[in-house]
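# Structural features, examined
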Amino acid sequence: MRLAATASHNQAYAVQGLLCNHPTGRGRKELGIRIPRPLGHGPSRFIPEKEAAARHQCSYLVNLHVNDFLHVGGDPKWLNGLENAPHKLQNLGELNKILAHRPWLITKEHIEQLLKTEEHSWSLAELIHAVVLLTHYHSLASFTFGCGISPEIHCEGGHTFKLPSVSNYCICDITNGNHGVDETHDSPAGSISNTESFCEVEALMEKMKKLQECRDEEEASQEEMATRFEREKRESMFVCCSEDEESAPTRDVSRHFEDTSYGYKDFSRHGMHVPTFRVQDYSWEDHGYSLVNRLYPDVGQLIDEKFHIAYDLTYNTMAMHKDVDTSMLRRAIWNYIHCMFGIRYDDYDYGEINQLLDRSFKVYIKTVVCTPEKTTKRMYDSFWRQFKHSEKVHVNLLLIEARMQAELLYALRAITHYMT
């Protein structure tokens, strides 16, 4: 997991510099542009970032922003609890929790409440900035947990217990509560031989080949495509982690956000109907991008580039195979995440998802995207056993960018409805 850890650390700082005004200024200078900052240059800009990371109990990111907040002269009293922060920032709490856990519930009324709260109101430009920060740090929390990152043992707020024997433990195991001395002999991943794992890669490539042939020979009707989407959306409800345990956040993290009992619920859960979000009606490319760029100049372009880099990134490899077209697999991962969020692409055959993504992979995806604080090393090890760490890190990049875009789509659509 060391490779993943290094990538996560670099990714965190790189994107902070590009989008979130990290004190180092990293990224902005390299790009040669000056990004307007509606939330200003002071300590207030770190509160949305900290709140967003805290929603997923990501102490690694929370501690980064607490330190940055104090470094630029922030009032330490604000860190004793969200109720001590200015009312304007407290008002962001409701939007933060819905965006983090159930973004499909955001309506124009939520937007109106923030924009029309008299002396504590937000401007549209400030709100767009805040939404970008919140969605980015929700997704970055997913990346952090997905790559097994947590505070180092020697850091304040890191591990506080003595390690019995460092040589017998992986830090990732200890972080996630997996204390077995030699987990590879106990976990499902460890009981699979290299030959069996090799066969899994071969089988996946064969499925990709057959799906491509089916695409070339025939195309499903729109009715059938819609049916397959609904089926996949319902099935995603039954994808859950066998190690899914409710755990209350620690005081150090929970004090940074309100309503700690509020969490993820499936989009299609029984007893509640939420209309499907059709990308043909509201998309990032045709609607969200222009709205962000109009109210937060240049940042729409940066976010768009970030999405495309993660989506298009490929070495054309799959484990030991080279010169492989991975576009079908990348699209299945991206669209599965959006499907869990109730977002549908009319031109995509959702029957491909069940062909390409096995259950262990779906468990990992859903956990990292929806409840990242529950991600374990066992989940990381259980999918794509013959793939390189760099390929799994790429998976995490796809997961977080797809998640961020899904959250942005719901928030920006609500803002658009408010404006019209």
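See the structure printed just above.
Our subject in this report is the structure included herewith.

The rules we used
- Residues numbered from 1 in each chain as written.
- Predicted model: local features only at pLDDT ≥ 70, side-chain atom pairs only at ≥ 80, totals over all residues.
- Heavy atoms only, no water.
- Helix = DSSP H or I, 4+ residues; strand = E, 2+ residues; numbered from the N terminus.
- Buried < 20%, exposed > 50% of the residue type's maximum accessible area, 1.4 Å probe, protein only.
- Contact = heavy atoms within 4.5 Å.
- Areas by Shrake-Rupley, 256 points an atom, 1.4 Å probe, with all protein chains shown as cover.
- Axes fitted to C-alpha atoms, helices over the stretch in contact; angles between N-to-C directions.
- Parallel < 35°, antiparallel > 145°, perpendicular 65-115°, else oblique.
- Left-handed = near helix turned anticlockwise from the far one by under 90°.
- Nonpolar A, V, L, I, M, F, W, Y, C, P; charged D, E, K, R; others polar.
- Phe/Tyr/Trp six-rings, centres within 6.5 Å; stacked < 30°, edge-to-face > 60°.
- Lys NZ or Arg CZ within 6 Å of the ring centre and 35° of its normal.
- Salt bridge = Lys/Arg side-chain N within 4 Å of Asp/Glu carboxyl O.
- Core = buried A, V, L, I, M, F, W, Y, C linked by side-chain atoms within 4.5 Å.

### Topic: the overall build of the protein
- Of regular secondary structure, the protein possesses 19 helices and 4 strands.
- Counting every position in the protein, which comprises 420 residues, the buried fraction comes to 52%.
- Considering only residue pairs separated by 6 or more positions, the protein has 75% of its internal contacts joining residues 24 or more positions apart.
- Surface accessibility of the protein: about 19200 Å² in total, with carbon and sulfur atoms responsible for 50%.

### Some details on the packing of helix 6 (residues 93-101) against helix 8 (residues 124-146)
- Running from amino to carboxyl end, helix 6 crosses helix 8 at an angle of 40°, the nearest separation of the two axes being 10 Å. With respect to helix 8, the element helix 6 is oriented oblique. In this structure, the crossing between helix 6 and helix 8 has a hand that is right-handed. Contacts between helix 6 and helix 8 pair Leu95, Asn96, Leu99 and Ala100 from the former with Leu127, Val131, Leu134, Thr135 and His138 from the latter.
- For the contact of helix 6 with helix 8, a count of residues per class yields 6 nonpolar, 3 polar and no charged.

### Description of the packing of aromatic side chains
- With the rule as written, the count across this model stands at 18 aromatic pairs.
- Between the aromatic rings of Tyr380 and Phe383, the centroid separation amounts to 6.4 Å while the plane-to-plane angle is 80°, which identifies the pairing as edge-to-face. Taken individually, Tyr380 and Phe383 each receive the classification buried, so the pair is uniform in this respect.
- When the ring of Phe383 is compared with that of Trp384, the centres are 5.9 Å apart and the planes differ by 55°; the resulting orientation is tilted. The residues Phe383 and Trp384 share a single accessibility class, namely buried.
- Connected via pairs of aromatic rings, a cluster forms that spans Phe361, Tyr364, Tyr380, Phe383, Trp384 and Phe387.
- Directly above the aromatic system of Trp122 lies the positively charged group of Lys88, at a separation of 5.2 Å from the ring centroid.
- One residue, Lys97, lies across the ring of Tyr262, its end atom 4.5 Å from the ring centre.

### Description of the pattern of salt bridges
- Enumeration according to the criterion identifies 17 salt bridges in this entry.
- Linking Glu126 and Lys88 is a salt bridge whose minimum nitrogen-to-oxygen distance equals 2.8 Å. Separated by 38 residues along the polypeptide, Glu126 in helix 8 and Lys88 in helix 5 (residues 87-90) bring together distant segments of the chain.
- Classification of Glu126 by relative accessible area gives buried; the value is 17%.
- Between Lys306 and Glu401 there is a salt bridge, and its shortest N-O distance comes to 2.8 Å. One end of the pair, Lys306, is in helix 14 (residues 299-312); the other, Glu401, is in helix 19 (residues 389-419), with 95 residues separating them in the sequence.
- Classification of Lys306 by relative accessible area gives buried; the value is 12%.
- With a relative accessible area of 2%, Glu401 lands in the buried category.

### A closer look at the nonpolar core
- Counting residues in each nonpolar core, the largest one holds 106 residues, and the members touching the most others are Ile333 and Ile365.
- For this core, the element with the most residues is helix 19, which contributes 16 residues.
- If near-sequence neighbours (up to four positions away) are discounted, Ile333 is found in contact with Leu357, Phe361, Ile365, Trp384, Leu398 and Leu399.

### Remarks on the environment of Ala220
- Following the sequence through the fold, Ala220 ends up in the loop between helix 10 (194-217) and helix 11 (222-236).
- Sequence spacing of Ala220 and Asp347 is 127 residues, and the spatial spacing of their C-alpha atoms is 9.8 Å.
- The residues touching Ala220, leaving out its near neighbours within four places in the chain, are Met225 and Arg228.

### Looking at the packing of helix 14 against helix 15 (residues 327-340)
- Running from N to C, helix 14 and helix 15 point in directions that differ by 130°, and their axes come no closer than 10 Å. When the axes of helix 14 and helix 15 are compared, the pair comes out oblique. Between helix 14 and helix 15, the contacting residues are Phe307, Tyr311 and Asp312 on the first element and Arg330, Arg331 and Trp334 on the second.
- For the contact of helix 14 with helix 15, the residue count by class is 3 nonpolar, no polar and 3 charged.

### With respect to unusual backbone geometry
- A positive phi is found at Asp298, a non-glycine position, where the angle reads about 80°.
- Counting through the fold element by element, Asp298 comes out in the loop between helix 13 (284-295) and helix 14.
- Phi is positive for Ala319, which is not a glycine, with a value near 55°.
- Within the element layout of this structure, Ala319 appears in the loop between strand 2 (317-318) and strand 3 (321-322).

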